Amino acid sequence: MSHLTTLSAQQTQAHPHPSSAKVMRNYQVVLKCADQSQREEINQRIRILEERQTTLLTPYVVKKAIDLYQSNPKEKFFVRKLGKAVGMNPNIAESAFHWLQIAVKGKIDKEKKVQGMFNFLLKNPQQLIEWVIFGRSPYTERSLENYWKLKRRYIINLLVNTRTQADSYWRKKRDNVYTSATLKLNHLLPIYTQLDVLQAIDDALFYQQHEFSVLPKLTKNQQTFLNKLKLLKKEQSTVVPFLPSWINSPQPSRWKSLKELAEQLAQVLGKPTRKLFSAVRLIVVFTLFDHYMQSVPQLIKALPVEQVVPPPFKRKKKGRLPIKLLMKKDYVITREGNSKELTNQVNKQGWTELGFPQKGKKRLNAQVHFPKKVLEYIQNGARIKVFQVSCGKAPSYKPRVDVVLEGTHDCFHSSTLLQSYLHHIPAKKTSVLGIDINRLGQYMVVFNVPAPLPPDVMVLAKSYDHLSKKVIDELNLGYLTKRKEYNTLGSCKLKGELNRVYARRSRILREITRLLPHFLAAVLVKKKCKTLKIERLTADATGTKGALAKAIYTMPDSLFIYKKAVWLASLELGYEVKLKDVPPYHTSSIHHGCKGTLSRVKGQHDFAPCSKCGQQVNTHENAALNIASLKGVILPNDLFPSTHV
């Protein structure tokens, strides 16, 4: 019995309950100054500190930091040793070395990922050649996305940037052995004839048929891909002349130009709706396979990963790193007490004071006021860990102050927003809910039961739509006009205004993403739901500018939203709500009522007629009904809440 008790205690210590784990959260607070002139002076002093901080990050310091991190990655050791090694004043340096430690950690982590990516490519020659030619590889992206549990966008950037850096290294180090024209990304490829392309079509079709022959049954996507290859083989007399011309011509972007070539081939073959991109890409890979396999694997094996991943702060942006206010130091920006004293002070009066000294001038003071939400977290037991201060830009010159709070998950739980949404939702109980998330607008979130969107979310969606469809278009038109007129001052002003509008639109999308989990949780609570079913779309709109791309980029579709909603609802309901992922195929195109096909044409996003019963169907509500009726896979609930800032 005692042995079991001891074992249980050890397991409890090794895996603490999620609610007792310490987490950190970052929030913006309000800096109130006496007047506008004082605010501009404070902002200028912060700017000077930021520039001093940035000048410390020299190549020598960065190199020393990388060596120190590899010996001991802990921040306290890192900052102390680095300060002694470079012999700098620890006052402003400790803030700079804090950000440097984070950047070095990111570089080391990226090096490991690049090495893992190289190992994967060396084991998959077809994907290796695809990466060399295009800088991208969809199969590699999906595989690494699932293995690393990261977003597809990160994997794409990693592949493209690594290919560019590798190309730069090869041209510098290997130019005397391998000509840069055959390796340089998006430049000239080796010269090939129509006979070579004909052989590649035969090889690609034979290879794919052999690969699929070992499978007991082909999926719909596999059969479709095989049919595309057979179509290109059948129409090879029409297809073949296009490919040598494309291979032998320089392109600004091989990936985008191949998409255009595939669309052109579909038009020529009289099948404009066929998506031939993947099949044409495979033929190009088989055409160039033998040439690149003679040299590329050896180049990859000899490629030093540390040379491919650039060092931190290689491209410095002055004044972009916030000043980190350490609580145990008499720092360059003064405050009243240490972390514990500040937490108690803010808990009592809701604000504290920061001082901004400058040699030879009077010290300026400003009050830091905390929002109600942040005060509630402090009252729940969270403590102030760190302040971060950064300067603002024209025209407001408004300094930004962020506070990092530390506490348990329970400290950061607030049901105020969730409770405010409850009275909008019908009270009929439903044990299983299906959800369809779309582009921003009236149907951005649709359940399989009636649940109207809250007014504040709709206001934000309308504001986003107004900025996208009217304001940005008008500013772009004005900007182009000023450039044609060579009006430098006018074009600079419009460019600045465009940047501010894009930033405002980004903040709106971020705010919608913050509010949606609370609304979803309110629906789950009001319906007494036990299972939430979702579909996770994997469509990639990179390199496209059409309506589908805009819709995908404005979809607040993130696993974070669902995880947070389920977590909030589980806390309110007292039992764990399950989250299930269903296959995302044809949920919008099959009529839930009669199983007919919805005839969706260009421009018809919200409503479409059913080809079987003729009924006009709301495609989003129909998709939610289909999602709720499908079998799903339970997603683990250990990804939320995150323990990171």
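Residues numbered from 1 in each chain as written. Predicted model: local features only at pLDDT ≥ 70, side-chain atom pairs only at ≥ 80, totals over all residues. Heavy atoms only, no water.

**Observations regarding the pairing of strand 4 (residues 351-358)**
As paired strands, strand 3 (residues 334-335) and strand 4 are joined by two bridges and run antiparallel to one another. Looking at strand 4, one finds that threonine 334 is bridged to glycine 355. Note that strand 4 and strand 5 (residues 361-369) share seven bridges and pair antiparallel. When the bridges of strand 5 are listed, glutamate 353 appears paired with glutamine 367. If you look at the hairpin formed by strand 4 and strand 5, you'll find two residues sitting between the two strands, and glycine 360 has a positive phi there, around 85°. (Pairing = 2+ DSSP bridges. Helix = DSSP H or I, 4+ residues; strand = E, 2+ residues; numbered from the N terminus.)

**Structural notes on the pairing of strand 7 (residues 400-408)**
Burial within strand 7 is extensive, with eight of its nine residues counted as buried. Relative to strand 7, strand 1 (residues 22-32) runs antiparallel, the two sharing eight bridges. Bridging across to strand 7, valine 23 finds its partner in glycine 407. Relative to strand 7, strand 6 (residues 383-390) is paired through seven bridges, and the arrangement is antiparallel. Note on strand 7: the bridge partner recorded for valine 389 is valine 401. (Buried < 20%, exposed > 50% of the residue type's maximum accessible area, 1.4 Å probe, protein only.)

**What about the nonpolar core?**
Within the largest apolar cluster, 62 residues are counted, with the highest numbers of intra-cluster contacts made by Met117, Trp131, Leu276, Val280 and Ile283. Ranked by residue count, the leading element in this core is helix 14 (residues 277-293), at ten residues. Every residue in contact with valine 280, bar those within four places of it in the chain, is listed here: Leu232, Leu243, Leu258, Leu261, Ala262 and Leu265. In this structure, Leu57, Ile66, Val104 and Leu325 belong to the second largest nonpolar core, which totals 54 residues. (Core = buried A, V, L, I, M, F, W, Y, C linked by side-chain atoms within 4.5 Å. Contact = heavy atoms within 4.5 Å.)

**Observations regarding the packing of helix 7 (residues 138-148) against helix 8 (residues 152-173)**
Taken N-terminus to C-terminus, the directions of helix 7 and helix 8 make an angle of 125°; their axes are 9 Å apart at the nearest point. Taken together, the axis directions place helix 7 and helix 8 in an arrangement best described as oblique. Along this stretch, helix 7 crosses helix 8, giving a crossing that reads as right-handed. In this structure, helix 7 uses Pro138, Thr140, Glu141, Arg142, Leu144, Glu145 and Trp148 to contact helix 8, whose residues at the interface are Arg152, Ile155, Ile156, Leu158 and Leu159. For the contact of helix 7 with helix 8, a count of residues per class yields seven nonpolar, one polar and four charged. (Axes fitted to C-alpha atoms, helices over the stretch in contact; angles between N-to-C directions. Parallel < 35°, antiparallel > 145°, perpendicular 65-115°, else oblique. Left-handed = near helix turned anticlockwise from the far one by under 90°. Nonpolar A, V, L, I, M, F, W, Y, C, P; charged D, E, K, R; others polar.)

That is the geometry; function is a separate question.
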